[in-house]
Amino acid sequence: MSQHRDTICVQGGWQPKKGEPRVLPIYQSTTFKYDNSEQMARLFDLEESGYFYTRLQNPTNDAVAAKIAALEGGVGAMLTSSGQAASFFAVFNICEAGDHFIASNTIYGGTYNLFGVTMKKMGIDCTFIDPEMADEDIEKLFRPNTKCVFGETISNPGCHVFDIERFARIAHAHGVPLIVDNTFATPINCRPFEWGADIVTHSTTKYMDGHAATVGGCIVDSGNFDWMAHADRFPGLCAPDESYHGLAYAKAFGKMAYITKATVQLMRDLGSIQSPQNAFLLNEGLETLHLRMAQHCRNAQRVAEYLAADERVAWVNYPGLPGDKYHALAEKYLPNGGCGVIAFGLKGTREDAIRFMDSLKFICIVTHVADARSCVLHPASHTHRQLSDEQLKEAGVSPDLIRLSVGIENVEDILADIRQALDSMA
Ligand SMILES: *Cc1c(COP(=O)(O)O)cnc(C)c1O
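Residues numbered from 1 in each chain as written. Predicted model: local features only at pLDDT ≥ 70, side-chain atom pairs only at ≥ 80, totals over all residues. Heavy atoms only, no water.

## Focus: the packing of helix α4 (residues 83–92) against helix α5 (residues 109–121)
The criterion, for reference: With axes taken as lines fitted to C-alpha atoms, and helix axes fitted only over the stretch in contact, angles between N-to-C directions fall between 0 and 180 degrees. The helix and strand labels rest on DSSP assignments: H or I over at least four residues marks a helix, E over at least two residues marks a strand, and numbering proceeds from the N terminus. Roughly parallel covers angles under 35 degrees, roughly antiparallel covers those over 145, roughly perpendicular covers 65 to 115, and oblique covers all other angles. Two helices that cross are described as forming a left-handed crossing if the nearer one is turned anticlockwise from the farther one by less than a right angle, and a right-handed crossing if clockwise. Whether two residues are in contact is decided by their heavy atoms: any pair within 4.5 Å suffices. For this classification, the nonpolar set comprises Ala, Val, Leu, Ile, Met, Phe, Trp, Tyr, Cys and Pro, the charged set comprises Asp, Glu, Lys and Arg, and every other residue, Gly included, is treated as polar.
Here α4 crosses α5 at 45°, and the two axes come no closer than 10 Å. Between α4 and α5, the angle falls in the class oblique. Handedness of the crossing formed by α4 with α5: right-handed. Side by side, α4 and α5 meet where Gln84, Ser87, Phe88, Val91 and Phe92 of the first sit next to Gly110, Thr111, Leu114, Phe115 and Met119 of the second. The residue makeup of the contact of α4 with α5, split by class, is 6 nonpolar, 4 polar and no charged.

Encoded structure:
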């Protein structure tokens, strides 16, 4: 019986049997016991599934991953130690040295650096595209060694909405999967698989945890991409893996091939597992995700409208505003609202922007976004300071951009804090 997302938030994942704890237990154990050597050997050969070492899998983590997979409508998921690890593993699971992929240039600054600088050193080449480019101009950028396309449902920090269905069509026409970072929308507001995306990633650090308590990530597989139909392009999934006695993931695991490979090969070798303690806290956050997202969106809509009407504000990016450049895409992909993040600029100098932020009372300046508490950041001087002015512009981050993450406090108090900070600039 398929359940509503609200119910999955509360009840999904951990399904206790008779006499087991009602609440997801923290399996605080590196290892798991078996009765004889033969049982253990079968696990190592992937002939049987079971737990043996927490670097590969842990029951607490798996229960939380199962909840996120159900929320996204995927076949399987894997938790990672951070959102960065999720983005890296998601691409590295299908790309190796000599390969190429395409990413939207409006993605999160950390991901931009990972793809453009660090993965380049590993011999993997990323072409960043302006998602506004015409189809035929994007098509020209595909190469024989192109392995995937990557974008963010709602971009951090610019609040651009990614045309998932369009990019899925373009990727599939070239025989490669579309990977979507769904951190800001969360599966409460958008399920990229319903629009043709093949793989979804998350920084669970943001709305999913929701309380700014734990750093974490997640990769979810739709199970829909047919790797064997493009076996030459994806030897990592379709050709024998000598580290598992010549097993081929796509043949042995079918729809679970991608997530199984990410777990038993990448996690085994690179070890970026989420700690079970953090997975437990993430699960607590997920239990209220549906309630929090609704309040974030209600509050942010009010705040965006307020800012847009104030003459001291130069511009506001919030896809929920009727005049927003991405409003039509938001109506299609985010009919119940997007998220609590607003990007805006003030009239005046860069110093005015800083004075405004310093004047806020309970809306704090923190290097975080998308949690219960309202907070604010100036990407050009904080998260994105490693990008050049040119890269900033390409990433849709103007020097005056203020990223306001609207929390779930009472909206009148949020508005009052913003009003007094604007007044103090005069
Ligand atoms: C924060 C963020 C990341 C990186 O996640 P971490 O958990 O900080 O490693 C990736 N993508 C988006 C959209 C983010 O907001």
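Don't stop here, the text continues.
## Description of the sheet that holds strand β10 (residues 364–365)
As a reminder of what qualifies: Strand pairing is assigned whenever DSSP detects at least two bridges linking the two strands.
Overall, mixed pairing links the 5 strands, which are arranged β8-β9-β12-β11-β10 in an open sheet. A single partner strand is all that each edge strand has here, and the edge strands are β8 (313–317) and β10. Here β8 runs beside strand β9 (residues 341–346); their pairing, made up of 4 bridges, is antiparallel. The residue of β9 that forms the bridge with Val313 is Leu346. Along the sheet face, helix α13 (residues 289–309) touches β8, β9 and β12 (402–405) and points at about 15° away from the line of β9.

## Quick notes on the sheet that holds strand β3 (residues 125–129)
Read from one edge to the other, the open sheet built from 7 strands follows the order β1-β7-β6-β5-β4-β2-β3, with strand pairing classed as mixed. Among the strands making up the open sheet, the edge pair consists of β1 (76–80) and β3. Between one strand and the next, the sheet's axes are offset by a mean angle of 20°, whatever the strand orientation. As paired elements, strand β6 (residues 199–203) and strand β7 (residues 217–221) share 5 bridges and run antiparallel to each other. Within β7, the residue paired with Ile199 across the bridge is Asp221. Against the sheet, helix α7 (residues 164–173) engages β3, β4 (146–152) and β5 (178–181), with an angle of about 150° to β5.

## Comments concerning the side chain of Thr183
Our working rule: Any pair of N or O atoms that falls within 3.5 Å is considered a polar contact. Within protein, one atom must be able to donate a hydrogen and the other to accept it, and sequence-neighbouring residues count only if both atoms are side-chain atoms.
Within the secondary structure layout, Thr183 lies in the loop between β5 and α8 (186–189). In this structure the side chain of Thr183 is engaged in a polar contact, spanning 2.5 Å, whose partner is the side chain of Asp181.

## Some details on the site of the ligand
Worth spelling out the cut-off: Nearness here has a simple test: a residue counts as near a molecule or strand if at least one of its heavy atoms is within 4 Å of that partner.
Taken together, 15 residues surround the ligand, and among them Gly83, Asp181, Ser203, Thr205 and Lys206 come closest. For the ligand, an oxygen atom lies 2.9 Å from a polar atom in the backbone of Gly83. Asp181 places a side-chain nitrogen or oxygen 2.7 Å from a nitrogen atom of the ligand. For the shell around the ligand, the per-class residue count stands at 3 nonpolar, 9 polar and 3 charged.

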